[in-house]
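Observations on the three-dimensional arrangement
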Amino acid sequence: MTEHARTAVQAGPTSPSDLVREIYLAGPEGRKGQLTTDLTALEDAARQVLPPEVFGFVAGGSGTGATGRANRDAFDQWRLLPRMLRGCTRRDLTVDLLGQSLPAPVLLAPISAQTSVHSEGEIATVQGAADAGLPFVLSSYSSHSLEEVAAAAGPGPRWFQLYWPSDDELAASLVRRAEASGYTALVLTVDNPSVGYRPADLDHGYLPLVRGTGLANYTSDPVFRAALPPDAGPDAVVRHWAQVNGNPSLVWDRLSRLREWTGLPVVVKGVLRPDDALLAVANGADGVIVSNHGGRQLDGAAASLDCLPAVRAAVGGSVPVLLDSGVRTGTDVAKALALGADAVLLGRPYLYGLTLDGRAGVRHVLRCLLAELDAALTQLGCASARSLGPEILVAAGPLGGPRPTVRQGR
Ligand code: FNR
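Reading the values: rules and limits
- Residues numbered from 1 in each chain as written.
- Predicted model: local features only at pLDDT ≥ 70, side-chain atom pairs only at ≥ 80, totals over all residues.
- Heavy atoms only, no water.
- Helix = DSSP H or I, 4+ residues; strand = E, 2+ residues; numbered from the N terminus.
- Rg over C-alpha atoms; globule rule 2.2 N^0.38 Å.
- Buried < 20%, exposed > 50% of the residue type's maximum accessible area, 1.4 Å probe, protein only.
- Contact = heavy atoms within 4.5 Å.
- Areas by Shrake-Rupley, 256 points an atom, 1.4 Å probe, with all protein chains shown as cover.
- Lys, Arg positive; Asp, Glu negative; His and termini not counted.
- Charge placed at Lys NZ, Arg CZ, Asp CG, Glu CD.
- Near = heavy atom within 4 Å.
- Polar contact = N/O pair within 3.5 Å; in protein donor to acceptor, adjacent residues only side chain to side chain.
- Nonpolar A, V, L, I, M, F, W, Y, C, P; charged D, E, K, R; others polar.
- Phe/Tyr/Trp six-rings, centres within 6.5 Å; stacked < 30°, edge-to-face > 60°.
- Lys NZ or Arg CZ within 6 Å of the ring centre and 35° of its normal.
- Pairing = 2+ DSSP bridges.
- Salt bridge = Lys/Arg side-chain N within 4 Å of Asp/Glu carboxyl O.

Let's shift gears to the overall build of the protein. Each helix and strand in the protein was counted, giving 17 helices and 12 strands. Its C-alpha atoms give the protein a radius of gyration of 21 Å, near enough to 22 Å, the size a compact globule of 410 residues would have. Along the longest, intermediate and shortest principal axes, the C-alpha atoms of the protein span 70 × 50 × 40 Å. By the burial criterion, 53% of the 410 residues in the protein qualify as buried. By sequence separation, contacts in the protein at least 24 residues apart represent 73% of the contacts at least 6 residues apart. Approximately 16,900 Å² of the protein is accessible, and the part contributed by carbon and sulfur atoms is 54%. Each charge sign in the protein was given a centre, from 36 positive and 41 negative side chains, and these centres are 5 Å apart.

Taken together, 21 residues form the shell around the ligand, and within it P110, S139, T189, D324 and R328 come nearest. Within the side chain of S139, an N or O atom sits 2.7 Å from an oxygen atom of the ligand. When isolated, the ligand has an accessible area of 610 Å², and the protein chains bury 98% of it. Along the lines of polarity and charge, the residues of the shell around the ligand split into 6 nonpolar, 10 polar and 5 charged.

Considering the arrangement of structural elements, one finds N247 in the loop between α12 (234–244) and α13 (256–261). You can call N247 buried: its relative accessible area is 12%. Filtering out sequence-adjacent residues up to four positions away, N247 remains in contact with W164, P165 and S166.

Moving on: the environment of S181. By the element assignment, S181 lies in the loop between α8 (168–180) and β7 (186–189). Relative accessible area serves as the criterion here: at 13%, S181 is assigned to the buried category. On a C-alpha basis, the gap between S181 and E147 in space is 6.0 Å, while along the polypeptide they are 34 residues apart. With sequence-adjacent residues up to four places away left out, S181 is seen in contact with L146, E147, A150 and R158. In this structure the side chain of S181 is engaged in a polar contact, spanning 2.8 Å, whose partner is the backbone oxygen of R177.

Counted according to the given criterion, the structure contains 9 aromatic pairs. Here the aromatic cluster, defined as three or more aromatic residues joined through ring pairs, consists of Y141, Y163, Y218, F224 and W241. For R158, the ring lying beneath its charged end belongs to Y183, and the centroid distance is 5.5 Å. Directly above the aromatic system of F57 lies the positively charged group of R296, at a separation of 5.1 Å from the ring centroid.

A word on the pairing of strand β11 (residues 343–346). Alternating positions in β11 separate into two faces, A343 and L345 on one and V344 and L346 on the other, with burial throughout. Relative to β11, strand β4 (residues 106–108) runs parallel, the two being bridged by 3 bridges. The partner of L107 across the bridge, within β11, is L345. As paired strands, strand β10 (residues 321–323) and β11 are joined by 2 bridges and run parallel to one another. Each bridged residue has a counterpart across the sheet, and for L322 the counterpart in β11 is A343.

Considering the arrangement of structural elements, one finds R158 in strand β6 (residues 158–162). Buried and unpaired, R158 has no salt bridge, with E147 as the nearest side chain of opposite charge at 10 Å. Engagement of the side chain of R158 in a polar contact is seen with the backbone oxygen of G154, the distance being 3.0 Å. At a separation of 2.9 Å, a polar atom in the side chain of R158 contacts the main-chain carbonyl oxygen of G156. Ignoring anything within four residues of it in the chain, the contact list for R158 reads F136, A150, A153, S181, G182, Y183, T184 and A185.

Applying the stated rule across the entire model yields 18 salt bridges. For E22, the salt bridge is made with R367, and the minimal N-O distance between the two is 3.0 Å. Taken together, the residues span a long stretch of sequence, with E22 in helix α2 (residues 18–31) and R367 in helix α17 (residues 348–380) at a distance of 345 residues. Owing to a relative accessible area of 22%, R367 belongs among the partly exposed residues under this scheme. A salt bridge links R177 to E147, with the shortest nitrogen-to-oxygen separation between them at 2.8 Å. Here R177 is found in helix α8, whereas its partner E147 is found in helix α7 (residues 146–153), with 30 residues between them in sequence. A network of salt bridges, in which partner residues are shared, links D168, R254, R257 and E260.

As structure tokens, this is what we get:
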């Protein structure tokens, strides 16, 4: 590399497109031993290094995998219609969400038990997210306590995902701890009244939580601990967790209890139907996440992206609507925004980054995603992520085919 090129590279990341420039300037030598920039290829790389049961847990879905495939098909059925010569020299990726300003419309989805794939688990993830300035949504089922993750995050933005346990005192304790530790939104996951029927995990007889991985928020909780004798061993901990975990009796009007426990904004994750989105909002939710849990819950459930326009139309333009399940590339992010999402959550791809290279791997995945989104905006002739709309989309097939139904603004 020439001195000039080295200076350019060392100037540090100032925009998503810097990644591409850095890579080309560093040349083939610079790529040796680096993770691929093809985020769809990370799954195969992770397969090479993870034990089969752990890979099955992460990559697997429920039943036949139909919903996981549908998630991808839903993205592939839409094609982009780029616009030329629109003078797009600067792109603005920022979005405002729940009173928070994000550098890009991307969050890291809650994923449980992350020390199963990397020894630093959620600590490395929150730091990789902080490097990109993007919020990490910490799962209830994390391998490090929410306080430990908050300390590692520093000023990095973070949200907390709640699986509402059957014991309300424990639920309130988790929520209050999250607020006290600087988490700025609460994500209530509602599509998990029972664990999905996942053949890979069943065939391996493997669930990390049952082995005690992913229970740090419980073992560090005063309410949880108070229900156990002081000398309780790991088996007793798992047994008690299994008793209080899960809450199939939860109904919409219980959401008001969250308001008693916290002033944090509440986002309901896992709705696919417009009527459920309306119920979430009517019962006090500040936003919804259209999600089928990455195809891990009800096999045969509709693709998230297919459900997005109707949910957006139902709740109107002022309620934040996020989407996850199947997002793999920067152009996927553009399609989701064009169909009405304010932002997306990225799931497995960042976990593969964590698997392969810890914090640096998470950072790499996020940088690639944003670099591709930035390039997509330029090529679409769109100066701002916020202004992406259905006019950039067309159904696969000859032009003149169906166009997306126009949503009710954002
Ligand atoms: C998840 N997901 C999840 N969701 C949640 O609300 N709480 C959780 O603890 C978990 N745990 C979890 C573990 C693993 C291994 C995976 C892959 C996923 C679902 C997650 O938040 C998100 O909805 C999906 O991962 C999005 O789909 P993609 O991007 O992985 O296709």
